[in-house]
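Single-letter residue listing:
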Amino acid sequence: MARQHIVFAVLLPLAFLGLVCPGVVRADAGAAHYMRGLRAKLEYCTDCHGSSGRGYRGFYVMPRLAGQTPEYIENQLRAFLEGTRQSHTGMIMSRVHGIGPAMRSALADRFADLNPRPYGRAPGRLAERGKQIYEEGIPDANVPACSVCHGPEAEGQGPNPRLAGQLYAYTIEALANWDRERGGAAHSKVMQPIAQSLSRSEMEAVAAYLSTLN
Ligand code: HEC
Ligand code: HEC
């Protein structure tokens, strides 16, 4: 009996230290390493996309990513990687090369959780016409209401992106360059006839309205 106790008293802790602890330590180190990698990537993305992913207008327009649906972000990152979406600012988004699927999904989740106030700075006088287009479409031009897919508050859902708070200049560029930049991806096709049917001033109006939404 006494001997058994000694065996348990000595061997069990040893087994615990020898087998369990290094595993735990390795797992902890792995998780810490991963979190450091994720934080570094997030910092890298927000260098361009603005603190808290709010977007930024400098020489280039950096789109807002905050509050964006993870599915839409992942679709775009994959489209940039596969070349079915072209970056109109040149090679900038080729910088997502080397980011694996797990990291892409983790980054998308982080941006989805952010909610800074909108960047603003759009001409306010256009917003009223923009709201009307957003909520009612343009029946004469066969343009459906944007709210049908993008949500009543432009909050987005799944593959339909959030548009609320997006930078004025970015939304106009996205719509005006649709064919040239996003002709390739299957998930982009649904927007093609809609973007094509909007005049420049209608794009500006709807972009102004969206830029004010929180
Ligand atoms: C050097 C600046 C820069 C860096 C760094 C950068 N981006 Fe971008 N990103 C842009 C620009 C500019 C666009 C607009 C698209 C274009 O270039 O045509 C964009 C577009 C996007 C889009 C599409 C947005 C939309 O509304 O369709 C996503 C998603 C995105 N970036 C995610 C990321 C992530 C995640 C990172 C970090 C791994 C990152 N970006 C790093 C500049 C950058
Ligand atoms: C039938 C559904 C549908 C309707 C209606 C619709 N959209 Fe879209 N929209 C989408 C989808 C899906 C995407 C994402 C496409 C992709 O993944 O490339 C998108 C993307 C966009 C983008 C690009 C967002 C970004 O961050 O780059 C803009 C801008 C946009 N839509 C504006 C509008 C406007 C303005 C209207 C109304 C005039 C409208 N949409 C109506 C489905 C729709």
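Thresholds applied
Residues numbered from 1 in each chain as written. Chains lettered and ligands numbered in written order. Predicted model: local features only at pLDDT ≥ 70, side-chain atom pairs only at ≥ 80, totals over all residues. Heavy atoms only, no water. Donors = N, O, S within 2.8 Å, 3.2 Å for Na, K, Ca; no water. Tetrahedral: all angles 85-135°; square planar, octahedral: opposite > 155°, others 65-115°. Helix = DSSP H or I, 4+ residues; strand = E, 2+ residues; numbered from the N terminus. Buried < 20%, exposed > 50% of the residue type's maximum accessible area, 1.4 Å probe, protein only. 1 Å grid on protein atoms, 1.4 Å probe; cavity = no way out; pocket = protein on both sides within 12 Å on 5 of 7 lines; lining within 4 Å. Points joined across faces, edges and corners; volume = space filled by probe spheres on them. Nonpolar A, V, L, I, M, F, W, Y, C, P; charged D, E, K, R; others polar. Core = buried A, V, L, I, M, F, W, Y, C linked by side-chain atoms within 4.5 Å.

Asks: Kindly report on the coordination of the iron atom of ligand 2, identifying the contributing residues and their values.
Replies: Here the iron atom of ligand 2 is held by the protein donor atoms His150 (NE2) and Met191 (SD), which lie 2.1 to 2.2 Å from it. Around the iron atom of ligand 2 sit six donor atoms; with metal-centred angles ranging over 85 to 178°, the donor geometry is octahedral. You can see His150 sitting in helix α5 (residues 147–150) and its partner Met191 sitting in the loop between α7 (178–182) and α8 (192–197), a full 41 residues away along the chain. Look at His150 and you get buried, because its relative accessible area is 10%. Judged by relative accessible area, Met191 falls into the buried class, the value being 18%.

Asks: Please set out unusual backbone geometry residue by residue, giving values where relevant.
Replies: The general pattern is negative phi for most residues beyond glycine and trans for most peptide bonds. With phi around 70°, Arg121 is a residue other than glycine that occupies positive phi space. Inspection of the secondary structure puts Arg121 in the loop between α3 (101–112) and α4 (127–136). With a relative accessible area of 70%, Arg121 lands in the exposed category. Its identity is not glycine, yet Ala154 carries a phi of approximately 60°, on the positive side. As for its placement among the helices and strands, Ala154 is situated in the loop between α5 and α6 (168–176).

Asks: Just give me the short version of empty space enclosed by the protein, but keep the residues and values in it.
Replies: In total, this model carries one cavity of 30 Å³ or more according to the counting rule given. Around the largest cavity, the lining residues are Arg64, Ala66, Gln68, Arg162, Leu163, Ala164 and Gln166. A per-class count over the lining of the largest cavity returns three nonpolar, two polar and two charged.

Asks: With reference to specific residues and values, describe the nonpolar core.
Replies: Judged by nonpolar contacts, the single largest core of 26 residues is most densely connected at Tyr134, Ala154, Leu175 and Leu210. Among the secondary structure elements, those contributing two or more residues to this core are α4, α6, α8 and α9 (200–212). Ranked by residue count, the leading element in this core is α9, at seven residues. Core analysis: the next-biggest nonpolar cluster, separate from the first, contains 14 residues, Ile73, Leu77, Val96 and Ala108 among them.

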